[in-house]
2 protein chains.
Amino acid sequence: MKILIVEDEQEMLNNMRQSLEQELYIVEAASNFKSATEKIGVYDYDCILLDIGLPDGDGLELLKYLKKQGKDDGVIIVSAKDSLDDRLKGLDLGADDYLPKPFHMAELNARIKAVLRRRNFDGNTLVEIGNVLIDTESRIIKIADEKIILNRKEYSILMYLIANKTRLVTKTALAEHVWGDHIDQTDSFDFIYSQIKNLRKKMDKATITVEAVYGVGYKLEVE
Amino acid sequence: MKILIVEDEQEMLNNMRQSLEQELYIVEAASNFKSATEKIGVYDYDCILLDIGLPDGDGLELLKYLKKQGKDDGVIIVSAKDSLDDRLKGLDLGADDYLPKPFHMAELNARIKAVLRRRNFDGNTLVEIGNVLIDTESRIIKIADEKIILNRKEYSILMYLIANKTRLVTKTALAEHVWGDHIDQTDSFDFIYSQIKNLRKKMDKATITVEAVYGVGYKLEVE
DNA sequence: CTTCAACGATCAATATTTTCATTTTCTTCG
DNA sequence: CGAAGAAAATGAAAATATTGATCGTTGAAG
């Protein structure tokens, strides 16, 4: 999960970054309008946290730009101004949520989760990718109409790869997300290889495949 | 929830134990200074009921020892002497409450509850996590607005996991905390598995799940 | 006092997850 | 291109976890 923080106050930025990295998001930051536009132009983010009051431009302009480009990154407006008017303007321009400062990090996390959930799974429990259909409620997976059963780890890996769709997932990120933060960095990644092998075997009829990226991690390939 | 009674009068001890076990606490006891120090050194308690007048040492010394060790168990001083001076001394040394003898068991229960609440859940009688709502007063659990009933062990396990939220709980710690000090290290953990299974079944509609960490223990997963 | 249901422990059969030894694949560099 | 070394894949074994069945206890209801 990749998040862009657009925020000019350094301290605020650091707080947010730290909190989000704790939650295992990949965090990038832009501290002004120009840098934000560049990043957005080049990368896709799952969620953009957008401060309205930037030194060199209006955050709302960025939002307009996003939509004009047809990007559909999630956007949460973070603003010191909490006038109803601003709020409405932001949501009108297609923001997903509006969070007035000051706020608790827990609140931010909750909003982000909500946005990610809405976007990744359209609010419903069915996820379809290639010929793979997943009911996230019952954890039932169908490949070409045939039901297959994944165990906990396999399911968790698959969902993480899907959440990051075409993006590259490092082995460290995968380990942290699926196994937790107690894993030893000096460990070998044998346990990942093993699970990936089983997952692949169960998914051999699928049009999506788990591809290794040598020296880095894995990546979902569609078709 | 685990409570240590430090008390030398056998009858008093039995009364307290019975009353507390009725309230579904895990109760352990020490009848002298030495035994109390040992227990405190080895285990963590949610609350310690400390009699001041011990045959082989001053209860207040125990309190000092606790603080020096950096332990933050809750402490309620139970004493026959009700001089203002003693009371102040005790609270000064970091006790959470002071209960003069004689007292009604109901009074003791109320004080314990207050201490536990203050320490574990910031004074809130309601604990909310994911779609799970717990009234620690009545031990009623609601999952997605549906009432469910947990028995003693299940409740105890859940609360311990929640108290440790995202942190990892080893099986030994869990056993020690929920079952008390009579567990044998050479034992299998079958009795834990059994309870975890039941707890999971009752919580299958919850957005929080109990995840096993291979070879170590369990961990609460939110969402 | 008896009966019955819930509780909690134990055991055995399965299933999952990790580990290990080995083989294969990939990248680099001469 | 071809060899060497690093990374990844594989198969099988070992370790651990899950589950369902069973059974003695306990406590509540009648």
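Now for a look at the structure at hand. Everything numeric here is computed off the predicted structure, so don't read it as measured data. (Residues numbered from 1 in each chain as written. Chains lettered and ligands numbered in written order. Predicted model: local features only at pLDDT ≥ 70, side-chain atom pairs only at ≥ 80, totals over all residues. Heavy atoms only, no water.)

**Some thoughts on the packing of aromatic side chains**
Convention followed: When the centres of two rings from Phe, Tyr and Trp lie within 6.5 Å, Trp using its six-membered ring, the rings pair. Their planes under 30 degrees apart give stacked, over 60 give edge-to-face, and anything left gives tilted. Each residue gets one of three labels from its accessible area relative to the maximum for its type: buried under 20%, exposed over 50%, partly exposed in between, using a 1.4 Å probe on protein chains only. Think of it as a cone above the ring: NZ of Lys or CZ of Arg counts as a charge over the ring if it is within 6 Å of the ring centre and within 35 degrees of the ring normal.
Going through the model one piece at a time under the given rule, you end up with 5 aromatic pairs over all chains. Between B:Y43 and B:Y45, the aromatic rings sit 6.5 Å apart at their centres with planes inclined by 80°, giving edge-to-face as the arrangement. With relative accessibility at 19%, the residue B:Y43 sits in the buried group. Aromatic side chains B:F189 and B:F191 sit 6.4 Å apart centroid to centroid with 50° between the ring planes, which places their arrangement in the tilted category. On the basis of relative accessible area, B:F191 is assigned to the partly exposed category, the value being 25%. Here the aromatic cluster, defined as three or more aromatic residues joined through ring pairs, consists of B:W179, B:F189 and B:F191. Over the aromatic face of A:Y45 sits the side chain of A:K2, whose NZ or CZ is 5.3 Å from the ring centroid.

**Examining the interface of chain B and chain A**
Here is the rule we go by: Only heavy atoms matter for contacts: two residues are in contact if any of them lie within 4.5 Å across the pair. What counts as buried area is the accessible surface, traced by a 1.4 Å probe, that two parts surrender upon association, with contributions from both included. A pairing counts as a salt bridge when a side-chain nitrogen of Lys or Arg comes within 4 Å of a carboxyl oxygen of Asp or Glu. Polar contacts, as counted here, are pairs of nitrogen or oxygen atoms within 3.5 Å of one another; within protein the pair requires one atom able to donate a hydrogen and one able to accept it, and residues that are adjacent in sequence qualify only if both atoms are side-chain atoms. Secondary structure elements follow DSSP: runs of H or I no shorter than four residues count as helices, runs of E no shorter than two count as strands, and numbering proceeds from the N terminus. Residues are sorted three ways: Asp, Glu, Lys and Arg are charged, Ala, Val, Leu, Ile, Met, Phe, Trp, Tyr, Cys and Pro are nonpolar, and all the rest, Gly among them, are polar.
Every contact between the two is made by 7 residues of chain B and, on the other side, 5 residues of chain A. In this assembly, chain B packs against chain A so that about 480 Å² is buried in total across both faces, 45% of it on carbon and sulfur atoms. Counting every contact that joins chain B to chain A gives 1 salt bridge. Linking chain B to chain A there are 1 residue pair in polar contact (both at pLDDT 80 or more). With 4 residues, strand β13 (residues 208-213) of chain B is the largest single contributor of residues to the side of chain B that touches chain A. Its residues assigned to classes, the side of chain B that touches chain A shows 4 nonpolar, no polar and 3 charged.

**Points about the pattern of salt bridges**
Here the structure, examined in full by the defined rule, presents 31 salt bridges over all chains. The partner of B:D204 in a salt bridge is B:K205, with the nearest N and O atoms 3.9 Å apart. The exposure classification of B:D204 matches that of B:K205, with both residues exposed. One salt bridge in this structure joins B:E221 and B:K219, with 3.8 Å as the shortest N-O distance. Here the salt bridges share partners, and the residues they tie into one network are A:E7, A:E9, A:D51 and A:K101.

**Focus on the protein's contact with DNA strand C**
The following threshold applies: Proximity criterion: a residue is near a molecule or strand once any of its heavy atoms comes within 4 Å of it.
The environment of DNA strand C is formed by 18 residues, the closest being A:N151, A:R152, A:W179, B:N151 and B:W179. Here DNA strand C approaches the protein such that, of its atoms within 4 Å, sugar and phosphate make up 75%. A distance of 2.7 Å separates a phosphate oxygen of DNA strand C from a polar side-chain atom of A:N151. Looking at side-chain class alone, the surface near DNA strand C contains 6 nonpolar, 6 polar and 6 charged residues.

**Regarding the packing of helix α7 (residues 171-179) of chain A against helix α8 (residues 190-202) of chain A**
Residue and element names in this part refer to chain A. How we decide: Between N-to-C directions, angles cover 0 to 180 degrees, with each direction set by a line fitted to C-alpha atoms, over the stretch in contact for helices. Roughly parallel covers angles under 35 degrees, roughly antiparallel covers those over 145, roughly perpendicular covers 65 to 115, and oblique covers all other angles.
Packing of α7 against α8 brings their axes to within 11 Å, and their N-to-C directions diverge by 80°. By the angle class used here, α7 and α8 are roughly perpendicular. In this structure, α7 uses K171, L174, A175 and W179 to contact α8, whose residues at the interface are F191, I192, Y193 and Q195. Looking at the contact of α7 with α8 residue by residue, the classes come out as 6 nonpolar, 1 polar and 1 charged.

**Quick look at the protein's contact with DNA strand D**
Taken together, 20 residues lie near DNA strand D, and A:K171, A:Y218, B:K171, B:Y214 and B:Y218 sit nearest. Sugar plus phosphate: this is where 65% of the atoms of DNA strand D within 4 Å of the protein reside. In this structure, A:G215 approaches DNA strand D through a main-chain N or O atom, which is 2.9 Å from a phosphate oxygen. Put simply, the parts of the chain that give the surface near DNA strand D at least two residues each are α8 and β13 (208-213) of chain A together with α8 (190-202) and β13 of chain B. Tallied by class, residues from the surface near DNA strand D come to 12 nonpolar, 2 polar and 6 charged.

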